[in-house]
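Structure at a glance
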Amino acid sequence: MIGAITCEGIRLRLRLSGTVQGVGFRPYVYGLASRYGLGGFVANDASGVIIEVEGNRTSEFMTALPLEKPPLARIDHISVQAIDALATKGFSIRTSERGKLSSRIAADAATCQECLGELFDPKSRRYLYAFINCSHCGPRYTITEQLPYDRRNTAMKAFVMCPECSAEYANPASRRFRAESIACPTCGPRLSHGINAIGAAIAGGEIVAIKGIGGYQLLCDARNHDAVHRLREKKQRDQKPFAVMVGSLDQVSSIAEADATELALLESVACPIVLLRSRNRLAPALAPGLSRVGVMLPGAPLHHLIFHVLRSLGACREDEGGVIVCTSANFSGEPLPIDNAEALQRLGRIADLIVTHDRNILTRADDSVVSVVAGRRQFIRRARGYVPEPVRLARSVPPVLAVGGALKSTITLTRGNEAFVSQHIGDLDTVEGIRFFEETIRHLTSTLDVEPVVVAHDLHPDMASTRFAEATGRARIAVQHHHAHAAAVIAEHGLERPTLALVLDGHGYGSDGGNWGGELLLCEGIRFQRFGHLAPLKMPGGERAAREPWRMASAILHLLGRGHDIRGRFAAQPQAERLPSLLDQAGGATTTSAGRLFDAAAALLGIATLQTYEGEAAMKLEACVRGTAVLEDGWLIDDGVLSFGPLFVALIADEVDVNEGAGLFHGTFAAGCVDWVTRAARTTNISTVVLSGGCFQNMVLADEIQRGCMAAGLAPLLSREVPPNDGGLSLGQAWLAALLIAERPSGLRGTA
């Protein structure tokens, strides 16, 4: 961190990198230098922050510098150089310097306690002002056009500071000293509607669209079943769960169970949605068939003001704070809207009231979604509040652009030893989704000032992201889907030794062109070996089987010699009559997917025969677990192929209870996977195993497999910095492409 130069009476030049712009770092340095009576200056530059100090107490300044930094700041490196003294007496904040960028923008941060105090203080000139912020909170990434982080490079450049704000901005004693997003009711952004009107609409059962920090959100009363049901109908969201926002941390326990780790995540500056076990006290339509509900706290001043009005209207008890649905204002499969004109035109079909404002959102970012798995945070969706914080790599690598997959898309851009994983983009199956994907690539490459030397993409030849990579004209590296899943965890944990990888997901294009999804890999550098896989299972109807779990259940029945039961079990399905003969035919699509086994189990237990959103059947199956059990001899392993035939024989027994069956499936599936991995560990003499793929979003499964591996003497590693689902693919692609470049510098085009 800090070099050994601490001589008094000389001038020191310090260069700091990390998250040191837009977080109140320059005023902090100004105050610190003034405390110790030092001369010099501080300025933002392309690399981060440059400081020059001279005087008799430079050693005290340097000791305090990293210890007392602002709450949102993160110092990655400090270099120190002794230079000629200039006999400077005063200390100043200089205009930012330009150059080749290596600094970064801070993530958006929830409203701090000091600003909340002002927000509800009648004596404050920002009393009830919906855009209050300071150096320690408010939007950053979503309003920044480019670096360095100065007002002229943000959405705030459209607002000329009033004399009072200008005075605060120039006052070193103010919390808003050099706060680039400073604003007040006189000179700052304004809402299109009053707070009282917004609160009254929600209290009256109406649906309200508001322009949030990273895009438009839809709100309604979470206790009003009719309002929630109407929101589902208008948003065309039949079963997928809605998140809720509660007015205070104290109220969380009234609607959900939360441990200390989950509560800490809720009140963190990132303010994510946290999946908690529901107490089933809200409208049933919020999360149909699920045992968990996504909960968040107010993250923006406008959210706090809405709850303030709801309390004043008597819509909730003073000690309760209210509960409202808070969900993205996009139509299914489309990106989050950020433009006022677009919102007014399109959201009128959903919302009874649309609330805009005149501060532009320059980068759309959905709410992040996290859960606690095995005692630690795990991302389901990584976006607002966490992006663009980078993942630190084990070494510096060439600049690589990785474009991810087709679902839950993200992109990754590497710069030195940092990997910048974008916010959640979503599925690339619409024109709007692809446009957002391309917009994100342009913004991230421009903001980071990086020109990639290669583009990494999925091995699948017909993905939109693959076609984009081809169209760039740059050198390309194709990466197998499950290898990328494994490499994401490997990169995050800085592993540079041979590793086993258990990758469980719904679908990925295999090296042999097949449909993979339950894979045991041996990974070493850029190479992997398919050490084992789940037993192949027919997919009647091809891709339709992924949307209709009863089809996978039928394939299981056929495999077990019970094809004659298909018509009786699934009589409600029009195709059930002809499916047995279809399964009797040779050939047809097969899969080794773990996700499809969860679908089959859900259908056989009568939990879900069709699904309206990805992972619905598996999520509802997990919700039925009341405790796990292991069926002895419930699996078979033959030459690396893992089969759960005996488990499914038990599940189709007539006397099996739904909850018992769900617990038996999870417990036995986890135990079989642990046995599988343990045998491979003995064969290879490798004890480290990375666990990845969308199935590891299942909290029961992830916890059971991790504990089982540890009990077997293995070292299991889960993804913590990016989602285990396809949202983490781009990080794995980027790492493998970087390794391939290092190994084959003269020939970039290839396959990892």
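Residues numbered from 1 in each chain as written. Predicted model: local features only at pLDDT ≥ 70, side-chain atom pairs only at ≥ 80, totals over all residues. Heavy atoms only, no water.

Some thoughts on the pattern of salt bridges
This is how it is decided: Any carboxyl oxygen of Asp or Glu that lies within 4 Å of a side-chain nitrogen of Lys or Arg is treated as forming a salt bridge with it. Here a strand is any run of E in DSSP of at least two residues, a helix any run of H or I of at least four, and the numbering for each starts at the N terminus. The buried label goes to any residue with under 20% of its type's maximum accessible area, the exposed label to any with over 50%, and the partly exposed label to all in between, with areas taken from a 1.4 Å probe on protein chains only.
Per the stated rule, a full pass over the model turns up 40 salt bridges. With a closest N to O distance of 3.0 Å, Arg176 and Glu118 form a salt bridge. Of this pair, Arg176 sits in the loop between α4 (163-170) and α5 (195-203) while Glu118 sits in helix α3 (residues 113-119), and the two are 58 residues apart along the sequence. In terms of burial, Arg176 and Glu118 fall into one category: buried. Between Glu334 and Arg346 there is a salt bridge, with the nearest N and O atoms lying 2.6 Å from each other. Of this pair, Glu334 sits in the loop between β12 (323-328) and α10 (340-346) while Arg346 sits in helix α10, and the two are twelve residues apart along the sequence. With relative accessibility at 19%, the residue Glu334 sits in the buried group. What emerges from the salt-bridge pattern is a single network uniting Glu118, Arg125, Arg126, Glu168, Arg175 and Arg176.

Quick notes on the nonpolar core
As a reminder of what qualifies: To define a nonpolar core, start from buried Ala, Val, Leu, Ile, Met, Phe, Trp, Tyr and Cys residues and group those joined through side-chain atoms within 4.5 Å. Whether two residues are in contact is decided by their heavy atoms, any of which lying within 4.5 Å being enough.
Ranked by internal contacts, the top residues of the largest apolar core, which has 68 residues, are Leu502, Leu504, Phe648, Phe665, Phe669 and Ile705. Filtering out sequence-adjacent residues up to four positions away, Leu502 remains in contact with Glu519, Leu520, Cys673, Trp676, Val677, Val689, Val690, Leu691, Ser692, Phe696 and Ile705. Counting residues in hydrophobic clusters, the runner-up holds 42 residues, among them Ala270, Leu276, Val293 and Ile354.

So, the packing of helix α11 (residues 431-448) against helix α12 (residues 464-471)
The line we're drawing: Lines fitted to C-alpha atoms define the axes here, with helix axes fitted over just the stretch in contact, and angles between the N-to-C directions of these axes take values from 0 to 180 degrees. We call two directions roughly parallel when the angle between them is under 35 degrees, roughly antiparallel when it is over 145, roughly perpendicular when it lies between 65 and 115, and oblique otherwise. Helix crossings get a hand from a simple test, with the near helix turned counterclockwise from the far one by less than a right angle marking a left-handed crossing and a clockwise turn marking a right-handed one. Each residue receives one of three labels: charged for Asp, Glu, Lys and Arg, nonpolar for Ala, Val, Leu, Ile, Met, Phe, Trp, Tyr, Cys and Pro, and polar for the others, Gly being one of them.
The N-to-C vectors of α11 and α12 enclose an angle of 45 degrees; their axes lie 11 Å apart at closest approach. One element, α11, and the other, α12, form an angle in the oblique class. For the crossing formed where α11 meets α12, the hand is right-handed. Where α11 approaches α12, its residues Ile434, Phe437, Glu438 and Ile441 are matched on the opposing element by Ala464, Ser465 and Phe468. Tallied by class, residues from the contact of α11 with α12 come to five nonpolar, one polar and one charged.

A closer look at helix α1 (residues 25-35)
Counting buried positions along α1 yields eight of eleven residues, so the element is predominantly enclosed. When we look at burial in α1, the residues that qualify are Phe25, Arg26, Pro27, Tyr28, Val29, Tyr30, Leu32 and Ala33. Where α1 is buried, its residues contact β1 (11-19), β2 (39-45), β3 (48-54), α2 (58-67), β4 (74-83) and β5 (91-93). Downstream of α1 by one or two residues, Gly37 has phi in the positive range, about 65 degrees.

What about the sheet that holds β2?
To summarise the sheet geometry, strands pair through backbone hydrogen bonds and adopt either a parallel or an antiparallel arrangement. The following threshold applies: Pairing between two strands is assigned when DSSP locates at least 2 bridges connecting them.
Strand order in the open sheet formed by five strands is β4-β1-β3-β2-β5, with mixed pairing between adjacent strands. Two strands bound the open sheet, and with one partner strand each, they are β4 and β5. Ignoring which end each strand starts from, the neighbouring axes of this sheet average 15 degrees apart. Inspection of the sheet shows β1 paired to β4 by nine bridges, in the antiparallel sense. From the neighbouring strand, Arg11 faces β4, where its bridge partner is Ile83. Across the sheet, α1 is in contact with β1, β2, β3, β4 and β5; its angle to β5 comes to roughly 175 degrees. Each of β1, β3 and β4 touches α2; the most contacted strand, β1, lies at about 5 degrees to it.

Things to note about the pairing of strand β7 (residues 216-221)
Side-chain direction in a regular strand flips from residue to residue, so the side chains alternate between the two faces of the sheet. Of all six residues that make up β7, six are buried, and the element is covered over most of its length. Bridge count for strand β6 (residues 208-211) against β7 is four bridges, and the pairing is antiparallel. Bridge pairing links Ile210 to Gln217 in β7. Here β7 pairs with β12 via five bridges, running antiparallel. In the sheet register, Asp221 faces β12, and the bridge partner there is Ile324.

Some points on the side chain of Arg140
Operational definition: His is not counted, nor are the chain ends, whereas Lys and Arg count as positive and Asp and Glu as negative. Counting of polar contacts relies on pairs of N or O atoms within 3.5 Å, with two restrictions inside protein: one atom must be capable of donating a hydrogen and the other of accepting it, and residues adjacent in sequence are counted only when both atoms are side-chain atoms.
Along the chain, the position of Arg140 falls in the loop between α3 and α4. One buried charged residue, Arg140, forms no salt bridge at all, with the nearest opposite charge on Asp108 at 6.7 Å. Within the structure, the side chain of Arg140 is placed 3.3 Å from the backbone oxygen of Cys134, a separation counted as a polar contact. Beyond its immediate stretch of four places on either side in the chain, Arg140 contacts Gly22, Val23, Leu72, Ile105, Ala106, Ala107, Asp108, Cys134, Ser135, Tyr149 and Ser181.

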